[in-house]
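Chain residues, written in single-letter form:
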Amino acid sequence: MKQYQVGIIGGTGMVGQRFITLMENHPWFQLTAIAASARSAGKPYGEAVEGRWALDIPLPEEARKLIVLDAEADAEKMAAQVDFCFCAVDMKKEEIRALEETYAKLECPIVSNNSANRWTDDVPMVVPEINADHLAIIDAQRKRLGTKRGFIAVKSNCSLQSYVPALHPLRKYGLEQVLVCTYQAISGAGKTFERWPEMVDNCIPYIGGEEEKSEQEPLKLWGRVEGGKIVKADGPSITAQCFRVACQDGHMAAVFMKFADGKAPSMEQIKAEWAAFRGPAQELNLPSAPKQFLHYFEEENRPQTRLDRNLEHGMAVSIGRLRPDSQYDYKFACLSHNTLRGAAGGAVLLAELLCAKGYLQPK
């Protein structure tokens, strides 16, 4: 695979920092440029994040001396230096949509961690193991934008990555209803305990916009490409509650599921489906793909956030406690690393898929 020159827009925030670390020693991607707000522009990256580095791993030396560009004012300069960009900016949604489209029209493909374009009809929102076929919509998007290379692709909300992969191979059994309660780490808000001391010994039963995303985004993932847009699936129906909990990293979910009458699989069938589940990410042997996507733990007290969030470099999903339920058919618990599989790592895996499928080409 050829080396791709990569830019990161929004490189000073927590997800941007994750992107920076994931570019270090990546076999396909070379970090070439970093952009952020005007406040950080003109500074070496190491200076821009001094006192703000939020991760427990060191800042890569290759990023330290890169001069930060202005994400908006230097868009043309940024686009000219790279083959594509990751985007993880903290702006209003309409501003993000405008910014990502500006880069796309500059013939710079955007792989976005942001939610702003997730419901744009011709923007694929992809989990590589689940709906890689949605990349076909890029041709229609390019026609709308008037571009040859440029497009926008997005990854789904971070909390979906814990429970949607576990549900996906079970849809063929007539999955009709899902109730999910998520317990989401503070890094999902871009915080550490030092920056958010109110979260120590605390749980907040509200995350703005999260429940709507948890209920609706899976239906786009399970939708179909038709007539130049992505049409969302009719079901299953999902209801969600989302809590912020006192963990640094790792989103956990308690999931209840009901199947059509007489179609519910056995527990043995469910576990077998999880063990066998592979997608294009595994079949193409993408660099960031977990070898085993879904891991089931038989221990009654697993998965646990601290023990299991880093499974397969934080890119696998951990599942446990599958058992019958008195009102639904079954219930289980699951876990994923929210800034790796759920955010930056998921976007890097999506970029690898785009490269392998020919949608991203070096200039």
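Look a little higher up for the structure.
One numbering rule holds for all chains: residues counted from 1, following each sequence as written. For this predicted model, a pLDDT threshold of at least 70 governs which residues receive local features, and a threshold of 80 or more governs which side-chain atom pairs are given and counted, while totals over whole chains, interfaces and linings are taken from all residues. To get the side-chain values, all heavy atoms of the structure are used, and hydrogens and water are removed first.

This paragraph deals with the nonpolar core. Soluble globular proteins tend to pack their nonpolar side chains together in the buried interior. Core analysis: the biggest nonpolar cluster contains 56 residues, and Ile9, Met257 and Phe332 have the highest contact counts within it. Sort the elements by how many residues they give to this core and helix H7 (residues 160-167) lands first, with five residues. If we ignore the near neighbours within four places in the chain, the residues touching Phe332 are Ala166, Leu167, Ala253, Ala254, Val255, Met257, Trp274, Ile319, Gly320, Arg321, Leu322 and Arg323. Buried residues of nine kinds, namely Ala, Val, Leu, Ile, Met, Phe, Trp, Tyr and Cys, make up a nonpolar core once their side-chain atoms join them within 4.5 Å. Whether a residue is buried, partly exposed or exposed follows from its accessible area with a 1.4 Å probe, protein chains only, as a fraction of its type maximum: under 20%, in between, or over 50%, in that order. Counting 44 residues, the second largest nonpolar core, distinct from the first, contains Tyr4, Val68, Leu350 and Cys355. For the purposes of this entry, the term helix denotes a DSSP run of H or I that reaches at least four residues, the term strand denotes a run of E that reaches at least two, and both are numbered from the N terminus. Note on definitions: a residue-residue contact is assigned when non-hydrogen atoms from the two residues lie within 4.5 Å.

Keep in mind that most residues, glycine aside, have a negative phi and that most peptide bonds are trans. Backbone torsion omega between Gly235 and Pro236 reads 10°, so that peptide bond is classified as cis. Mapping Pro236 onto the fold places it in the loop between strand S10 (229-231) and strand S11 (237-245). The residue after Arg302, namely Pro303, is reached through a cis peptide bond having omega 5°. Following the sequence through the fold, Pro303 ends up in the loop between strand S13 (294-297) and helix H11 (305-308). In this structure, His313 takes a positive phi of about 60° despite not being glycine.

Next up on the list: the side chain of Thr120. The topology assignment puts Thr120 in the loop between strand S5 (110-112) and helix H6 (138-145). Under the relative-accessibility criterion, Thr120 is labelled buried at 18%. In terms of polar contacts, Thr120 uses its side chain to reach the side chain of Asn117, at 2.7 Å. When sequence neighbours within four positions are dropped, the list of residues in contact with Thr120 reads Arg144 and Lys220. Think of a polar contact as two N or O atoms within 3.5 Å of one another; within protein, one of them needs to be a possible hydrogen donor and the other a possible acceptor, and neighboring residues in sequence only count if both atoms come from side chains.

Here the focus is the sheet that holds strand S12 (residues 251-259). In a beta sheet, neighbouring strands pair by backbone hydrogen bonds and run either parallel or antiparallel. Two strands qualify as a pair provided that DSSP identifies no fewer than 2 bridges between them. Here seven strands make up an open sheet; going across it, the order is S8-S11-S7-S12-S15-S14-S13 and the pairing mixed. Both outer strands of the open sheet, strand S8 (203-204) and S13, are each paired with one neighbouring strand and no more. Judged from the five bridges that link them, strand S14 (residues 317-324) and strand S15 (residues 330-336) form a sheet pairing that is antiparallel. Counted as the bridge partner of Ser318 is Leu335 from S15.

Before going further, it helps to spend a moment on the environment of Arg323. Summarising the element assignment, Arg323 is placed in strand S14. Accessibility expressed as a relative area gives 26% for Arg323, which makes it partly exposed. Taking the C-alpha atoms as reference points, Arg323 and Asn202, separated by 121 residues in sequence, lie 29 Å from one another. When near neighbours in sequence (up to four residues on either side) are disregarded, Arg323 contacts Met267, Asp329, Tyr330, Lys331 and Phe332. In terms of polar contacts, Arg323 uses its side chain to reach the backbone carbonyl oxygen of Arg321, at 2.6 Å.

Pairing geometry for S13 and S14, over four bridges, is parallel. The residue of S14 that forms the bridge with Leu294 is Val317.

As summarised here, the arrangement of the six strands in space is S3-S2-S1-S4-S5-S6, forming an open sheet in which the pairing is parallel. The open sheet has two edge strands with one neighbour each: strand S3 (69-70) and strand S6 (152-154). Here three bridges tie strand S4 (residues 84-87) to S5, and the two strands are oriented parallel to one another. Residue pairing in the sheet places Phe86 in a bridge with Val111 of S5. Along the sheet, helix H1 (residues 14-23) makes contact with strand S1 (4-9), strand S2 (29-36) and S4, crossing S1 at roughly 160°. Under this scheme, a helix contributes an axis fitted over its contacting stretch, all axes are lines through C-alpha atoms, and angles between N-to-C directions fall in the 0 to 180 degree range.

Here is the idea: a disulfide is a covalent bond, and it sits between the sulfur atoms of two cysteines. A pair of cysteine sulfur atoms is labelled a disulfide when the two atoms are within 2.5 Å. Here the structure, examined in full by the defined rule, presents zero disulfides. You can see Cys334 has no disulfide; the closest cysteine sulfur is in Cys181, sitting 11 Å from it. Residue Cys355 stays outside any disulfide, its sulfur separated by 13 Å from that of Cys108, the closest cysteine. Classification of Cys355 by relative accessible area gives buried; the value is 6%.

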